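Next come the chains, spelled out residue by residue.
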Amino acid sequence: MEIRNFSIIAHIDHGKSTLSDRLLQSTNAVSEREARQQFLDDMDLERERGITIKASAVTVRHAVDGVEYMLNFIDTPGHVDFTYEVSRALTACEGAVLVVDSTQGVEAQTIANAYLAINQDLEIIPVVNKIDLPSAQPDEVAMEIEQALGFPAEDAIYCSAKTGQGIQELLDRICRQLPPPRAPQTKKLRALIFDSHYDDYRGVVIYVRVFDGHLNHGDKVRMMGTGRTYIITELGKYTPKPEKVKSFGPGETGYLIASIKTLKDVRVGDTITIDNDPAEEPLPGYEEPHQMVFCDFYPATSTEKGSDFEELREAVEKLSLNDASFTFHPVHSEALGFGFRCGFLGLLHMDIIQERLDREGGVEVVQTAPTVTYELKTRDGVVHEITNPADLPDGSLWEELREPICKVELIIPTDNVGDIMPLCLGRRGIYKQQQLISETRTMIDFEMPLAEIIYDFYDKLKSMTRGYGTMDYEIIRFQADRLVKVDILVNGDIVEALSFIAHKDNADKRGRVLLTRLKDQIDRHQFEIPLQAVIGGKVIARETIKSMRKNVTAKCYGGDVTRKRKLLEKQKKGKKKMKSIGSVEIPQEAFMAVLDQGE
Amino acid sequence: MSHKQGIGITVGGQRPADTRQILVGAPGPVHALYIHVPFCAHKCHYCDFYSFVDNRDQQEAYTHALLLELRAVRDLLRGGLQTVFVGGGTPSLLRPQLWGRILDELHNLVPGFPEAGLEFTVECNPESASAETLKVLASGGVNRVSMGAQSFNPSHLKTLERLHQPANVQRALSVAADAGIERRNIDLIYAIPDQTIADWRYDLHIACDLARTGLVDHISAYALTYEPNTAMTQRLKQGEFVAAEDSLEADMYDTAVDSLSAVGLDRYEVSNFARPGSECRHNLVYWRCAQWLAAGPSASGHVAGSRWKNVPKLGEWIEGVNRTGGFAPAIDIELPDAERSLRERIMMGLRTREGIDRHALELGAKELNCAKALDRECTSLEARGQIETVDGRLRLCAPSFLWCDGIAARLMDAITRNAD
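The rules we used
- Residues numbered from 1 in each chain as written.
- Chains lettered and ligands numbered in written order.
- Predicted model: local features only at pLDDT ≥ 70, side-chain atom pairs only at ≥ 80, totals over all residues.
- Heavy atoms only, no water.
- Helix = DSSP H or I, 4+ residues; strand = E, 2+ residues; numbered from the N terminus.
- Buried < 20%, exposed > 50% of the residue type's maximum accessible area, 1.4 Å probe, protein only.
- Contact = heavy atoms within 4.5 Å.
- Areas by Shrake-Rupley, 256 points an atom, 1.4 Å probe, with all protein chains shown as cover.
- Buried area = accessible area lost by both parts, 1.4 Å probe.
- Salt bridge = Lys/Arg side-chain N within 4 Å of Asp/Glu carboxyl O.
- Polar contact = N/O pair within 3.5 Å; in protein donor to acceptor, adjacent residues only side chain to side chain.
- Nonpolar A, V, L, I, M, F, W, Y, C, P; charged D, E, K, R; others polar.
- Pairing = 2+ DSSP bridges.
- Axes fitted to C-alpha atoms, helices over the stretch in contact; angles between N-to-C directions.

Peer 1: I'm lost on the overall build of chain A in this one. Help?
Peer 2: Looking only at helices and strands, chain A features 13 helices and 34 strands. Counting every position in chain A, which comprises 599 residues, the buried fraction comes to 58%. Sequence-distant contacts, at least 24 apart, represent 68% of the contacts inside chain A between residues at least 6 apart. For chain A, the computed accessible surface area is about 24,900 Å², with 47% contributed by carbon and sulfur atoms.

Structure follows, in structure tokens:
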């Protein structure tokens, strides 16, 4: 039987999940009755946000030209933060179906994902989707694909995952056009781990693609990256229901279970081999997940009893079972008490984790403003990784401070180029190139510090382009710049959770904006509260919260009792979400004030 | 004009209920009564009490319904009344003949009315307090008037949209005195936009003269409060004027406390000053969280642990009272709840010089299983010099009256079921 391994890649919401469902249905893998919408996405959260976080693999059969094919369909995450995971999933494939929404056209992640696939030498089948919609412009979109990516417009398949139009043709093309798996290079087992997830009942489930040799039920295997060994207790394929098998041969794809307790023990991109007959070299391309964005989570409620921190710990640990790319370690902040400093692959990843903490863990958290990872070279020549501005030593000890620089790709309506250029330049962007990808849309490349993107860049992009702009970014290097640490003093005390790193040229402005925001957030006290922004002992901005002289209701008689009581109860309730710095009470929202750059 | 009974904001659902569920079968007797008269000659801009300018004469219909409401609580009044307070609106606008009917009804319903020791206050407007009305009131048992002076400065009166001439206050007080009404209060307002500390000192100076000459034995001095849904607040929002800085307001308050005590009017509540023995006993009923009955639209009552407010709209109130034979439609009903009651005792009691019975407070907290939380909070506030316990009563230290709300909020928060 012939084997074809392929992925579907697309920009968010371009119909990847619907197309997946339809492909499964058309091969009778899923009956109409069984076809739950978006079969492959199994978390509510993903369904709501319309994105796929976890990849999985499904094996179906299709016959064409009298030949039967085993189609291994490998799902990929759809977002920029999961580039590495996408690249590993693509490594497991020989081909990719590139889906573009015929009502939206080519978007930033269409390009980013297509290039990932091209770099892996995958054969690509362009699909113009959603052609059933009245606003579909399939010919124009096919032409955009040609312009932006060089795939001839006439090669694109027009299809509607909703009505089924074009699906049969797509299946036939997958079989005919995509190459078979490469021939084995050795008899020894080499299987690529391209995804894993945690199942409450079965523990860790690993998805593998066998490149060389055979993987059998009962084998004792070794992960070549981590060196850990496990006995395979189950091998199987999702069709899409799990079906156990005895063995995988070269080119095959499926899942394995081996009593692995936590996802931390499994690295996507690692190579599995037989423990007592190992391959000489692992498959190429393995990388440690690299957290680029950091923030602290603290329990939102009062910590007098300490139980809220334990609740948070439980929730965070539980989440990390499901997501190995999310890191955390306990921290203590004078302002916010005990919490966790958490690392994320990117901004969206951070949003997802916070939302899941809230939803699945039932924990209300205070989140500090996100920061990026910095590399600090000290005078003694040692390079330190800094993920928290508060950890930066005195400026006199620095040799240089380096920050992550991203390649940012924007696809925006050509009419908005005049607005987006200053936005990017104002955030220390360096213009790289610009390309018209259709009559109305332009692709622009910038290099920009990640620190400038993690604030509200994406929101600004969306609002300036009325939602039409899309972006993708990739970290390309660390680079030294004139960076300074700005400390914030409230009533003379440094509030570490408010410290931030900024470029020297706009540190003053950032400091001023932050103090203005803080001034609005902190209630007046019985004494005057000076607010200062300081760089290395030098005050760069100053505000004062005037003292309050009274807090008393003038009139309170029989008819005022109910309303007044509710007001006072509310006043006190609000106070609970305060953190005390010295004798100043700071509301928790104020810790997000660092976010607003006041543009 | 007026104080004592405000229109609350209905928070939460309005129950289609009337006062019957609270009043019928309640363990009496109740010794205090509040009557609300909603009519005004002019709606003052800072006022958030239920009142309106009565263009169609509804005084008859109002009086008729009021009598029904009083009769319905006849059983609870059997033990006699110790305090009656008639607020508004402008009660002095009610025609003397209708006043006569109300007073007669009280004579009929309440055994021994007006008994010796009764405190019977009626709010008056300097313009509408006619000698005829005051005589009717005095002969019916009224022995205290509360006059809305607000300010003696014509330009500040204008800001407040008060129509009277400053000189009329003294005249009206004299008329009341001549009518035999022995106890007299004036209300003052400070922290009016553009009012300087010197302006306020002038007002206090006039007020102190009235005290010295015996025309008043009690003064209520309120910082102007921008209540939601008042013209004053609207004008503030529109930028017609700016509110007084709170440091000025605090200075004005301290000035009032000093000036009034110098003429023998001591502070016995945040905004109330009286000659010893002239404290308003009716208002003390509120601050002590004792029981009182309510009659009239928008009047609030507190009986057997339940609080309620009569429906504020005159028409709805008349209709409801007539339909049920004396039970007003009620809103903001709060049924008995030990935690709520204890919090209210703190909130109200802390406003007074006499403070709160600490032992009773601790017993209440113990029953709610939060005695330790309360004790922690008290200790912390005592350490900061904000509260003190004298002769078994917990009270604010004198400088802390300006911080009453925050302190009350902390103590109230300690009163939380099972906090220990």
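Peer 1: Help me understand unusual backbone geometry, please; the structure alone is not making it clear to me.
Peer 2: With the exception of glycine, most residues fall at negative phi, and the peptide bonds are largely trans. A cis amide bond links Gly28(B) to the next residue, Pro29(B), at an omega of -10 degrees. Relative to the assigned elements, Pro29(B) resides in the loop between helix H1 (20-23) and strand S2 (32-37). The peptide bond linking Gly88(B) to Gly89(B) adopts the cis configuration, its omega dihedral lying at 20 degrees. Along the chain, Gly89(B) turns up in the loop between strand S5 (83-88) and helix H3 (96-109). One non-glycine residue, Asn491(A), lies in positive phi territory at about 55 degrees. Within the element layout of this structure, Asn491(A) appears in the loop between strand S28 (483-490) and strand S29 (493-494). The class of Asn491(A) is partly exposed, set by a relative accessible area of 27%. In this structure, Cys289(B) takes a positive phi of about 55 degrees despite not being glycine. Secondary-structure assignment places Cys289(B) in the loop between helix H10 (281-287) and strand S12 (293-295). On the basis of relative accessible area, Cys289(B) is assigned to the buried category, the value being 14%.

Peer 1: What is the right way to read the interface of chain B and chain A from this model?
Peer 2: Think of interface size as the accessible area that goes away when the parts come together; that is how it is often given. Each side of the interface is counted separately: chain B has 51 residues, and chain A has 28 residues. Among the residues chain B hides against chain A, the three largest losses belong to Asp246(B), Trp403(B) and Asp405(B). Together they make up 20% of the total. Summed over the shared surface of chain B and chain A, the number is 10 salt bridges. The closest approach of N and O atoms between Arg524(A) and Asp246(B), which form a salt bridge, is 2.8 Å. Where chain B meets chain A, there are 21 residue pairs in polar contact (both at pLDDT 80 or more). Those elements giving two or more residues to the side of chain B that touches chain A turn out to be strand S9 (218-223), helix H9 (246-262), H10, strand S14 (306-310), helix H12 (338-349) and helix H15 (404-414) of chain B. The class makeup of the residues in the side of chain B that touches chain A is 20 nonpolar, 12 polar and 19 charged.

Peer 1: Looking at this structure, I do not really get the pattern of salt bridges. What am I missing?
Peer 2: A side chain of one charge can pair with a side chain of the opposite charge if their charged atoms are brought near each other. All chains considered together, the criterion is met by 60 salt bridges over all chains. With its nearest N and O atoms 2.8 Å apart, the salt bridge here joins Lys564(A) to Asp405(B). Here Lys564(A) is found in helix H13 (residues 561-576), whereas its partner Asp405(B) is found in helix H15 on a different chain. Both residues of the pair, Lys564(A) and Asp405(B), belong to the buried class. Here Asp57(B) ties to Arg95(B) by a salt bridge, and the two come within 2.8 Å at their closest N and O atoms. Here Asp57(B) is found in the loop between strand S4 (52-53) and helix H2 (59-72), whereas its partner Arg95(B) is found in the loop between S5 and H3, with 38 residues between them in sequence.

Peer 1: Would you mind showing me how to read the sheet that holds strand S1 (residues 17-18) of chain B here?
Peer 2: Hydrogen bonding along the main chain pairs the strands of a sheet, whether they run parallel or antiparallel. All names here are of chain B. In space, the 4 strands of this open sheet follow the order S1-S15-S14-S13, with antiparallel pairing throughout. Because the sheet does not close on itself, it has two edges, and the strands there are S1 and strand S13 (300-303). Strand direction decides the pairing type here: S14 and strand S15 (residues 329-334), joined by 3 bridges, are antiparallel. Of the residues in S15, the one forming a bridge with Lys309 is Ile331. Where helix H11 (residues 314-324) meets the sheet, it contacts S1, S14 and S15, and its direction lies at approximately 95 degrees from that of S15.

Everything listed here is a matter of geometry and, on its own, says nothing about what the molecule does.
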